[in-house]
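Listed here are the chains, written in short residue letters.
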Amino acid sequence: MNLVDRLKRKEEAALVELMNQYGDYLLRMAYLLIKDHQRAEEAVQDTFISAFEKINQLEKEEHLKSWLTTITINRCRQQMRKWSFKHIFPDIETIERTQQADRIDSPEADLLAVEWNENLTAAIHALDYKYREVITLFYFNELKLAEIAVSTNIKENTIKSRLKRAKKLLKDHLLKEGAHNGG
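Throughout what follows, the structure given in this document is the object of discussion. Worth saying up front: this structure is predicted, and the values here are computed from it rather than measured. Per chain, residues are indexed from 1 in the order of the written sequence. Local features are withheld for residues below a pLDDT of 70 in this predicted model, meaning they are given only at 70 or higher, and side-chain atom pairs are given and counted only at 80 or more; totals for whole chains, interfaces and linings count all residues. Each side-chain value is worked out from all heavy atoms of the structure, with water and hydrogens disregarded.

The subject of this paragraph is the overall build of the chain. Every helix listed is a DSSP run of H or I at least four residues long, and every strand listed is a run of E at least two residues long, numbered separately from the N terminus. Summing up its helical and strand segments, the chain has nine helices and zero strands in all. Along the chain, from the amino end to the carboxyl end, the secondary structure elements read α-α-α-α-α-α-α-α-α. Remark: exposure states derive from per-residue accessible area (1.4 Å probe, protein chains only) relative to the maximum for the residue type, with buried under 20%, exposed over 50%, and partly exposed in between. Among the 183 residues that make up the chain, the fraction classed as buried is 40%. Of the contacts formed within the chain by residues at least 6 apart in sequence, a portion of 67% connects residues at least 24 apart. When the accessible surface of the chain is summed, it comes to about 11,300 Å², and 51% of that surface belongs to carbon and sulfur atoms. Between two residues, a contact is recorded if the distance between any of their heavy atoms is within 4.5 Å. The Shrake-Rupley method, run with a 1.4 Å probe sphere, supplies the accessible areas, and residue values consider only the shown protein chains as cover.

Structure below.
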């Protein structure tokens, strides 16, 4: 019996399997969207509870991942409405822990990679939520524009425009930071 069928039968082991399979993916996305690890964890936990309760609403089991993504996006939006994040700084160490650390490079290369990740994360977090959302879904979750449009319930042309604007804002921010850091 497949995972969705087991979830529909309300098997707790199936919920644990779902969380193990999609937890890291959803947590990375939520963290990039709302910039707070604890609130991202809360959004993902709410996603799993909601998915478990409403699994019968999933029309096609092959859409499980995109359905979970949509639920998580909505939970992140709720978190953003509930709480102002303007004064919270990104927790770079949390992102580093969630990324795979199986590189075998020189210490200098590792240091440069960490610095680049810190700068990129800071630049993403400096964006307005609507831009963070499309950048995260397109580049980090590797969703197609049509999938983003479905997940966010926003027209595809709007997604394209936001993505283009977000890339320009990121580029400008990274170039400005490079100039400030002597780069």
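What follows deals with the packing of aromatic side chains. Ring pairs are drawn from Phe, Tyr and Trp, using the six-membered ring of Trp, whenever the two centres fall within 6.5 Å, and their geometry is named by plane angle: stacked under 30 degrees, edge-to-face over 60, tilted for the rest. Going through the model one piece at a time under the given rule, you end up with one aromatic pair. Whether a charge sits over a ring depends on NZ of Lys or CZ of Arg being within 6 Å of the ring centre and within 35 degrees of the ring normal. Taking the ring centre of phenylalanine 52 as reference, the NZ or CZ of lysine 10 above it sits at 4.9 Å. Over the ring of tyrosine 25 we find lysine 65; its NZ or CZ atom is 4.5 Å from the centre of that ring.

Bringing the pattern of salt bridges into the picture now. Each reported salt bridge corresponds to a side-chain nitrogen of Lys or Arg within 4 Å of a carboxyl oxygen of Asp or Glu. As enumerated under the stated definition, the model contains four salt bridges in all. Note that glutamate 17 is salt-bridged to arginine 6, the shortest N-O span being 2.8 Å. Taken together, the positions of glutamate 17 in helix H2 (residues 12-34) and arginine 6 in helix H1 (residues 3-8) put the pair eleven residues apart, joining distant regions of the chain. We classify glutamate 17 as partly exposed; its relative accessible area is 34%. The exposure class of arginine 6 is buried, given its relative accessible area of 16%. Within the structure, one salt-bridge network assembled from shared partners comprises Arg6, Glu11 and Glu17.

This part takes up the packing of H2 against helix H3 (residues 37-53). In contact at an axis separation of 8 Å, H2 and H3 are set at 140° when each is read in the N-to-C sense. The pairing of H2 with H3 is recorded here as oblique in orientation. Judged by the twist between their axes, the crossing of H2 over H3 is right-handed. The segment H2 lies against H3, with Leu15, Leu18, Met19, Tyr22, Gly23, Leu26, Leu27, Ala30, Tyr31 and Ile34 engaging His37, Arg39, Ala40, Glu41, Val44, Thr47, Phe48 and Phe52. Looking at the contact of H2 with H3 residue by residue, the class counts come to 13 nonpolar, three polar and two charged. Angles shown run from 0 to 180 degrees and are taken between the N-to-C directions of axes, each axis being a line fitted to C-alpha atoms and, for helices, limited to the stretch in contact. Throughout this description, any angle smaller than 35 degrees is read as roughly parallel, any larger than 145 degrees as roughly antiparallel, any in the 65 to 115 degree range as roughly perpendicular, and the remainder as oblique. A clockwise turn of the near helix away from the far one marks a right-handed crossing, whereas an anticlockwise turn of less than a right angle marks a left-handed crossing. For this classification, Asp, Glu, Lys and Arg are treated as charged, while Ala, Val, Leu, Ile, Met, Phe, Trp, Tyr, Cys and Pro are nonpolar and the rest, including Gly, are polar.

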